[in-house]
Amino acid sequence: MPPLVVVNLRARRVARDPSLVDALSRLPARVVTTSSLDELDACLEAPPPSRVVLVGGDGSHLAGLSRLSLSGPLPEVALVAAGTIGTAARALGSRGRVLEEVQRALTSTALTRRATIAVERDGAPRLVGFTFGAGLVSGYFEEYDAGARGLGAATTVALQVALGAPLGLRTARRVLARVPATIRADGRELPGASYSLVVASALRDVGLGVKVTYRAGERLDRVHAVASTSSPTALALAAPRTLLGRSLGAAAALDALVEALEVRFPAPTRVIVDGDGFLTARVVVRPGPELPSVGVGLRVATRREPRTLRGMAGLDDAGRLGALEGALLEGRDDEVMQALVRAAATTVGTPIALLSLVAGRVQWFHSHTGLPPEIALSRATSRCSSFCQFVVRDEAPFEVADARVDPRVPQQLVERYGVRAYLGAPVRFRGQVLGSFCVMDVVPRQFTDAHRAALAEYAAQAGARLGELHPPAADAGHRRRDDLDAARERLRGVERSLLELGALARLGAGVDSLSSVEAHRALSVLRELSDSYGDVLLELRSVRRALDTLSGAEPSLAASPSVR
């Protein structure tokens, strides 16, 4: 019997590319399409072939595995991510390259025995999948389902929760609210009466790099279960440890490999299984059938960054970054600055002009004209993929006539946005080069001495305007006590980090074609902070209370775009 390929027509990638089904139908396999659970059940009613390829999202994979498990041991199965996120499929190697991965699944000899979970609910068919969750998990998906979809949107919600809980923001409180429940693990009842987190999984990474079930897969006959009764703040402060694959520590009421996890709720409560929500008053999670998982991962060549991107310690000079205060980074829509960038584009004859402020991890577009919509939405890109970093690093103009043949520049900009020519001049503020006033073109070109002189003048005017928008404190008598100066500087550094995380998350949420790249960048930044994240936030709250006591209100972190 030939392999069976089951394609969910409602999966995001399939719905967007109707030609994909035609291409799949020409493969040496029986290809069936479905758009409902009834159709899925119908195509899987007969004894399955020895190999089945499920093409869809997390819900499709959950439904397919659950139906296949009714016929006995699972056949060889390949999960291909074609939905919004595809957590389980990605954990098993899929990267959403549907046609290539299905072709590989039909011929691959790479098989791995994988653990699954079996979820039993009163009066409902058994589900076979990978991750069960309640409390935080359920609240997270409610917040995610209410807004935009995609990896970028998912990352944005995660950052709002992780960064907003210690500050008491509404979204974080709602997602992390405790749920009344009674939990028994292998027959032993836990002492808690309500839980902010309950999760059991066969995957170490339950999504977005969160490895709360870091021991999953150690044994195929056990499920890694974690539960917490901690407050939203305590749980959020412990959460960054999961990005490193560590235990929640004291925040965990349960952290063990178990044979059975039973959760009872006083009333029907929403739980999550592989991203799908179900109402139930009782649920039991056990190890599911072993999954012979077919390898579909493709090796992708990676481009080495030019050597000129290394050795840029000057960009991270403490004095320079210290001048990039939150109010300066958040400044936008100033009519004078907008007039300057429009005038520069007209003078030089380019479609794009902007004032870029180069921070620790991103470059911010204070004012701009002609940017692609996705970048105009976030007003930022990663610093490492920018031209403006070279202006700041060298504190001198930087010019590119044809980016395609210039080894100095990051080629991802050239490939993704079609930037071909660039001319930038340094912008100075309080003695520091904070950014670049620049113009860009989508065709190669030579700039003239008149263009260079005009841009230098615009850059000087931009620096002067920043000084007008952000004057120094008029009365030095209101400065804080000396023993708080160091803490204030660290506070500003944390604010900058939160602002940068927010920009990367918004860029990831802005456009589907960029969401995966930029969302992973946001997560990588959060991982960089994770070792000291809890300590810094605790210090931040302490410092803010001291500052408020001494002299009234300070600029609030609640205004940061990452925690709105």
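Note that the coordinates shown come from a computational prediction; the quantities given were computed from them, not determined experimentally. (Residues numbered from 1 in each chain as written. Predicted model: local features only at pLDDT ≥ 70, side-chain atom pairs only at ≥ 80, totals over all residues. Heavy atoms only, no water.)

Enquirer: How do you make sense of the packing of aromatic side chains when you look at a structure like this?
Expert: The relation between two aromatic rings is expressed through the spacing of the ring centres and the mutual angle of the planes. With the rule as written, the count across this model stands at seven aromatic pairs. With a centroid separation of 6.5 Å and 0° between ring planes, the pair formed by Tyr140 and Tyr144 is classed as stacked. Taken together, the residues Tyr140 and Tyr144, both in helix H7 (residues 136-145) and four residues apart, mark about one turn of the helix. Of the two residues, Tyr140 and Tyr144, neither departs from the other in class, the shared state being buried. Seen in terms of ring centroids, Phe390 and Phe398 are 4.9 Å apart; in terms of plane orientation they differ by 25°. Their pairing is stacked. Under the relative-accessibility criterion, Phe390 is labelled buried at 1%. Note that Arg121 overlies the ring of Phe278, its terminal NZ or CZ placed 4.5 Å from the centroid. (Phe/Tyr/Trp six-rings, centres within 6.5 Å; stacked < 30°, edge-to-face > 60°. Helix = DSSP H or I, 4+ residues; strand = E, 2+ residues; numbered from the N terminus. Buried < 20%, exposed > 50% of the residue type's maximum accessible area, 1.4 Å probe, protein only. Lys NZ or Arg CZ within 6 Å of the ring centre and 35° of its normal.)

Enquirer: Looking at this model, I keep getting lost on the pairing of strand E16 (residues 261-273). Mind explaining?
Expert: Each regular strand displays side chains that alternate between the two surfaces of the sheet. Sheet topology note: the strand E8 (residues 131-135)/E16 ladder contains two bridges and is antiparallel. Paired with Phe132 across the two strands is Val273, which belongs to E16. For E16 and strand E17 (residues 276-287), the ladder comprises nine bridges, and the chain directions are antiparallel. Opposite Ile272, over in E17, you have Gly277 as the bridge partner. Adjacent in sequence and paired antiparallel, E16 and E17 are bridged by two residues, among which Asp274 carries a positive phi angle near 50°. (Pairing = 2+ DSSP bridges.)

Enquirer: Honestly, the side chain of Asp441 in this entry has me stumped. Any pointers?
Expert: Take Asp441: it is sitting in strand E24 (residues 432-441). With residues up to four places along the chain from it excluded, the contact list for Asp441 reads Gly349, Thr350, Pro351, Gly418, Val419, Arg420 and Ala421. (Contact = heavy atoms within 4.5 Å.)

Enquirer: Where do I start with the nonpolar core in this structure?
Expert: Formed by 51 residues in total, the largest nonpolar core has its most connected members in Val6, Phe130, Phe132, Leu261, Val263 and Val285. With five residues, E16 is the single largest residue contributor to this core. Ranked by size, the runner-up nonpolar core spans 30 residues in total, among them Ala345, Leu357, Ala459 and Ala462. (Core = buried A, V, L, I, M, F, W, Y, C linked by side-chain atoms within 4.5 Å.)

Enquirer: What should I look at first to understand the packing of helix H14 (residues 335-348) against helix H18 (residues 449-469) in this one?
Expert: Axis angle and axis distance: for two packed helices, these are the angle between their axes and the distance between the axes, and together they describe the pair. Taken N-terminus to C-terminus, the directions of H14 and H18 make an angle of 175°; their axes are 10 Å apart at the nearest point. The angle between H14 and H18 falls in the class roughly antiparallel. Between H14 and H18, the contacting residues are Val336, Met337, Leu340, Ala343, Ala344, Thr347 and Val348 on the first element and His451, Ala454, Leu455, Tyr458, Gln461, Ala462, Arg465 and Leu466 on the second. Taken together, the residues of the contact of H14 with H18 break down into 11 nonpolar, three polar and one charged. (Axes fitted to C-alpha atoms, helices over the stretch in contact; angles between N-to-C directions. Parallel < 35°, antiparallel > 145°, perpendicular 65-115°, else oblique. Nonpolar A, V, L, I, M, F, W, Y, C, P; charged D, E, K, R; others polar.)

Enquirer: When you look at helix H6 (residues 98-107) in this model, what are you seeing that I'm missing?
Expert: Every α-helix carries 3.6 residues per turn, so stepping three or four residues along brings you back to the same face. Buried residues of H6: Val98, Glu101, Val102, Ala105 and Leu106, and no others. The buried side chains of H6 occupy one side of the element, clustering within an arc of 140° when seen end-on. Where H6 is buried, its residues contact strand E1 (4-8), helix H1 (12-16), helix H2 (19-25), strand E3 (51-56), strand E4 (76-81) and strand E18 (291-294). (Arc of directions from axis to C-beta.)

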